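Okay, here's what each chain looks like letter by letter:
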Amino acid sequence: MSNEPLANAGVRFPPPFVYLIGLAIAYGLTKWMPLRLVSPEPRWMFDLGVVLMVAGVAFGLWGAVTFKRHKTAIIPFLPASLVVTAGPYAVTRNPMYVGMACSYLGGSFLLDTWWAFGLLPVVVGIIDRQVIAREERYLLSAFGSEYAGYKMKVRRWL
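Residues numbered from 1 in each chain as written. Predicted model: local features only at pLDDT ≥ 70, side-chain atom pairs only at ≥ 80, totals over all residues. Heavy atoms only, no water.

(A) Structural context of the overall build of the chain. The helix and strand inventory of the chain stands at 5 helices and 0 strands. For the chain, the spread of C-alpha atoms along the three principal axes comes to 55 × 30 × 25 Å. Expressed as a percentage of the 158 residues in the chain, the buried residues total 38%. Intrachain contacts of the chain at a sequence separation of at least 6 include 80% that bridge at least 24 residues. Approximately 9100 Å² of the chain is accessible, and the part contributed by carbon and sulfur atoms is 69%. The chain carries 15 positive and 8 negative side-chain charges, and their two centres are separated by 3 Å. (Helix = DSSP H or I, 4+ residues; strand = E, 2+ residues; numbered from the N terminus. Buried < 20%, exposed > 50% of the residue type's maximum accessible area, 1.4 Å probe, protein only. Contact = heavy atoms within 4.5 Å. Areas by Shrake-Rupley, 256 points an atom, 1.4 Å probe, with all protein chains shown as cover. Lys, Arg positive; Asp, Glu negative; His and termini not counted. Charge placed at Lys NZ, Arg CZ, Asp CG, Glu CD.)

(B) Local environment of helix α3 (residues 95–111). Between its first and last C-alpha atoms α3 spans 24 Å; for 17 residues at 1.5 Å apiece the expected length is 24 Å, and the two agree. Buried residues dominate α3, accounting for 13 of its 17 residues. (Expected span 1.5 Å × (residues − 1).)

(C) Quick peek at the packing of α3 against helix α4 (residues 114–143). Here α3 crosses α4 at 165°, and the two axes come no closer than 11 Å. Classified by the angle between their axes, α3 and α4 sit roughly antiparallel to one another. The crossing of α3 and α4 is right-handed. Of the residues in α4, those touching α3 at Y97, Y104, L105, S108 and F109 are A116, F117, L119, L120, V123, I127, V131, I132 and E135. A class-by-class count of the residues in the contact of α3 with α4 yields 12 nonpolar, 1 polar and 1 charged. (Axes fitted to C-alpha atoms, helices over the stretch in contact; angles between N-to-C directions. Parallel < 35°, antiparallel > 145°, perpendicular 65-115°, else oblique. Left-handed = near helix turned anticlockwise from the far one by under 90°. Nonpolar A, V, L, I, M, F, W, Y, C, P; charged D, E, K, R; others polar.)

(D) Looking closely at the packing of α4 against helix α5 (residues 145–153). Where α4 meets α5, the axes come as close as 6 Å, and the angle between the chain directions of the two elements is 130°. For the element pair α4 / α5, the angle class is oblique. Within the contact between the two elements, α4 uses E136, L139, L140 and F143 and α5 uses S145, E146, Y147, A148 and K151. Along the lines of polarity and charge, the residues of the contact of α4 with α5 split into 5 nonpolar, 1 polar and 3 charged.

(E) Local environment of the layout of surface pockets. In this model, the largest pocket occupies a volume close to 650 Å³. Lining the largest pocket are 37 residues, with F67, I74, M96, Y97 and E135 positioned closest to its centre. Partitioned by chemical class, the residues of the lining of the largest pocket number 28 nonpolar, 6 polar and 3 charged. (1 Å grid on protein atoms, 1.4 Å probe; cavity = no way out; pocket = protein on both sides within 12 Å on 5 of 7 lines; lining within 4 Å. Points joined across faces, edges and corners; volume = space filled by probe spheres on them.)

(F) Broad picture of the packing of aromatic side chains. What the rule picks out here adds up to 7 aromatic pairs. Between the aromatic rings of F67 and Y89, the centroid separation amounts to 4.8 Å while the plane-to-plane angle is 10°, which identifies the pairing as stacked. With F67 in helix α2 (residues 43–69) and Y89 in the loop between α2 and α3, this pair connects stretches of sequence that are 22 residues apart. Judged by its relative accessible area of 3%, Y89 falls in the buried class. In textbook terms, an aromatic cluster arises when at least three aromatic residues are bridged by ring pairs, as seen for F109, W114 and F117. (Phe/Tyr/Trp six-rings, centres within 6.5 Å; stacked < 30°, edge-to-face > 60°.)

Encoded structure:
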């Protein structure tokens, strides 16, 4: 094994697709075998779904804008130029993925199906193991003790 830093995180697919595919599968399963959360769907459930989706998008965008402001790559296939610790990165190492998970949760309420909730751990597991773990290996390779120190101070999720 070489001591050369990795060129990038080696993520092979756009992470938002994992969340979208999870919801699409849940939608398809619901058409095949409906497992409604509540029937009929109460208004509060729709409202909660919308609030969670908007909050998730806003939190994720805050993370993306913070990366942009610090002039580092947002896309995990590209190399990072620095470790960002400001804004939402002071609370979680992965605000964009936290935002996507929150939006997924909102979408689960909007779909009104247990399938979406059941698939959420699978979706988060894929993101955690196939995306975040790769990104963390890359960042440790590229930034060494700076990233290791950041990992000690800030949680992976929340």
